[in-house]
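Chain and residue survey
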Amino acid sequence: MPNLFATFVLFTYPLVVIVLFRRMPVSNALIWSIMGGYLFLPERTGIDLPLLPELDKDLIPSLTAAIMLLLTPKPPMRRNMDVRGANTRRGQAPVATAAVAVRHQPSVIANLCIATLFIAPIGVMLTNTDWVVFGPRVLPGIRLYDAFSMMLSAGVMLLPFLLARRHLGTHEAHVAMLWTFVKVGFVYSLLILIEVRLSPQLHRWFYGFHAHDFVQQIRFGGFRPMVFIQHGLRVGVFMLMVVIAAFTLYKIRASNRPPLGRAGQSATEAPKDKGLPLFVGIYFLAILLISKVVGAFMIAMIFVPFLMMTKPSQWRFLAAVTALLVLLYPMARSAGVVPVERVYNLASIISEDRAGSFRFRLNNEEAMLERAAQKPILGWGGWGRSRVYDPVTGADITVADGIWVIVFGVSGWVGYIALFGLLTLPAFAYFFAKGQLRYAIASQGLCLILATNLVDLMPNSGLTPVTWMVAGALLGRFERRDQSETQHTENPRPGVRRRTNLAVASPRQARRRPTA
């Protein structure tokens, strides 16, 4: 039961959002509003109004940010001609370069997925009017009111995505997001150290209750921190995102170093992007280790070495392969293609308790997949109709952990492809991106962050507003990519001079080429 302070913090958070928008650029304020609300507001606290979605930590930050964005005046449009003279030598005239033409091309696939998420509840309602009976348990059919509630839930879920798609689709916003991950992650690392030593107590100390079952946070003879998030697993996933962000900023730092002692600058990152030293990423990796979240740490052991040993232009391969596997996971799981036994044997080596937990999840997934196979197109709808119950006692005998099996059971293939198609679309978009966008370190690093979240969504249900914000920011930049980011260049590597890019052309080359 939340105390008075929890309610006070939740409903005064809009004032914090207002201050952020008054003191920060719009993109930074939006990032801090969504991420701060997710990380520090109380769980299981809110007001559930009739016919409206619950006002809680998922809705209040995004809704307040949306209102502030509507009230914030738009910046003036840039002129068609940009005179760059800041870096010219003394005595030379500044170089006139053509303004970059922004190609705002909204993704048809993304809009189709969004429309499907809002329209699919109608189909779910029409195909689930029957009552479901399991012994003494009777589950009602889906009504028009339930379909409307599903639409509102989709709107609340997608709001961070839509805001980020509209306002965080720039290189500067992507770099700011990486820095925000690191800054907030450092604060959270201190709180994690407290709870690792004293057990998960911060949420109870501040807000009067435990956000989840305390017993589930006891791991490996110690404690798994929860801080102010619903479960310790989600804390591990967030710290995994911080780890990838820190190592991405290290790669930005490395790309800004002059090659072989000569003057050089990354072709895709601005000179002000200083990056981070390597030890910061190692520190966050150690914090993730002591958080005792085995799954998140194993994902880090795959992604971090790949990130460090490959070029940023190659990160898109791992992100796209991960997205494809996630998108096809229900089909592969139903066909028995997924090597679950090998994963179980690996978990047995680490811990028998972890292996038992993994086996428990597999058994529940198989039971729910058999139930979902009865209505594979549009699913069973809400009211727990997609779950499995004892036919005699009516007791619920399944526990759904992975968000994929929950969505697949409730909305079928239509809902699953719409939701995960929207989440995986940025990874595919950056895989097929051309020109400088393929070499943008910050954006490609965010693709890896999104990919790590997608992997975690298979065994867990941690689909958070931060995940949607990252996906929206990536798609927004791809849709608003300018002409220079899609040009074919012969050698777009960092530190190597381009021959066809007006932004780095010499005065003589600028005079020869038309400025459009």
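None of these values were measured; they are calculated from a predicted model.

1. What about the overall build of the protein?
Looking only at helices and strands, the protein features 18 helices and six strands. Taking all 516 residues of the protein together, the buried fraction comes to 51%. Sequence-distant contacts in the protein: of pairs separated by 6 or more residues, those separated by 24 or more amount to 74%. Accessible area of the protein: about 24,800 Å², with a carbon and sulfur share of 64%.

2. A look at the packing of aromatic side chains
A full pass over the atoms with the stated rule returns 20 aromatic pairs. Here the aromatic rings of F134 and Y389 are separated by 5.2 Å at their centres, their planes lie at 45°, and the arrangement is tilted. Placement of F134 in strand 3 (residues 132–134) and of Y389 in the loop between helix 14 (352–372) and helix 15 (403–431) is noted, with a sequence separation of 255 residues between them. For the residue pair F134 and Y389, the accessibility class agrees, reading buried in each case. These aromatic residues form a ring-pair network of at least three members: F5, F40, F181, Y188, F206, Y207, F228 and F238. Across from the ring centre of F431, 5.3 Å away, lies the NZ or CZ of R316, which sits over that ring. One residue, K375, lies across the ring of W380, its end atom 4.6 Å from the ring centre.

3. Observations regarding the environment of N460
Here N460 is to be found in the loop between helix 16 (441–456) and helix 17 (465–479). The spacing of N460 and D401 is 59 residues in sequence and 5.1 Å in space, taken between C-alpha atoms. At a separation of 2.7 Å, a polar atom in the side chain of N460 contacts the side chain of R361.

4. Describing the packing of helix 8 (residues 232–255) against helix 9 (residues 278–290)
Relative orientation of the contacting elements helix 8 and helix 9 amounts to 165°, with a least axis distance of 8 Å. Regarding the angle of helix 8 to helix 9, the classification is roughly antiparallel. Between helix 8 and helix 9 lies a crossing whose hand is left-handed. Along the contact surface, helix 8 presents G236, M239, L240, V242, V243, A246, F247 and Y250, while helix 9 presents L278, V280, G281, I282, F284, L285, I287 and L288. Of the residues that constitute the contact of helix 8 with helix 9, the class distribution is 14 nonpolar, two polar and no charged.

Parameters at a glance
Residues numbered from 1 in each chain as written. Predicted model: local features only at pLDDT ≥ 70, side-chain atom pairs only at ≥ 80, totals over all residues. Heavy atoms only, no water. Helix = DSSP H or I, 4+ residues; strand = E, 2+ residues; numbered from the N terminus. Buried < 20%, exposed > 50% of the residue type's maximum accessible area, 1.4 Å probe, protein only. Contact = heavy atoms within 4.5 Å. Areas by Shrake-Rupley, 256 points an atom, 1.4 Å probe, with all protein chains shown as cover. Phe/Tyr/Trp six-rings, centres within 6.5 Å; stacked < 30°, edge-to-face > 60°. Lys NZ or Arg CZ within 6 Å of the ring centre and 35° of its normal. Polar contact = N/O pair within 3.5 Å; in protein donor to acceptor, adjacent residues only side chain to side chain. Axes fitted to C-alpha atoms, helices over the stretch in contact; angles between N-to-C directions. Parallel < 35°, antiparallel > 145°, perpendicular 65-115°, else oblique. Left-handed = near helix turned anticlockwise from the far one by under 90°. Nonpolar A, V, L, I, M, F, W, Y, C, P; charged D, E, K, R; others polar.

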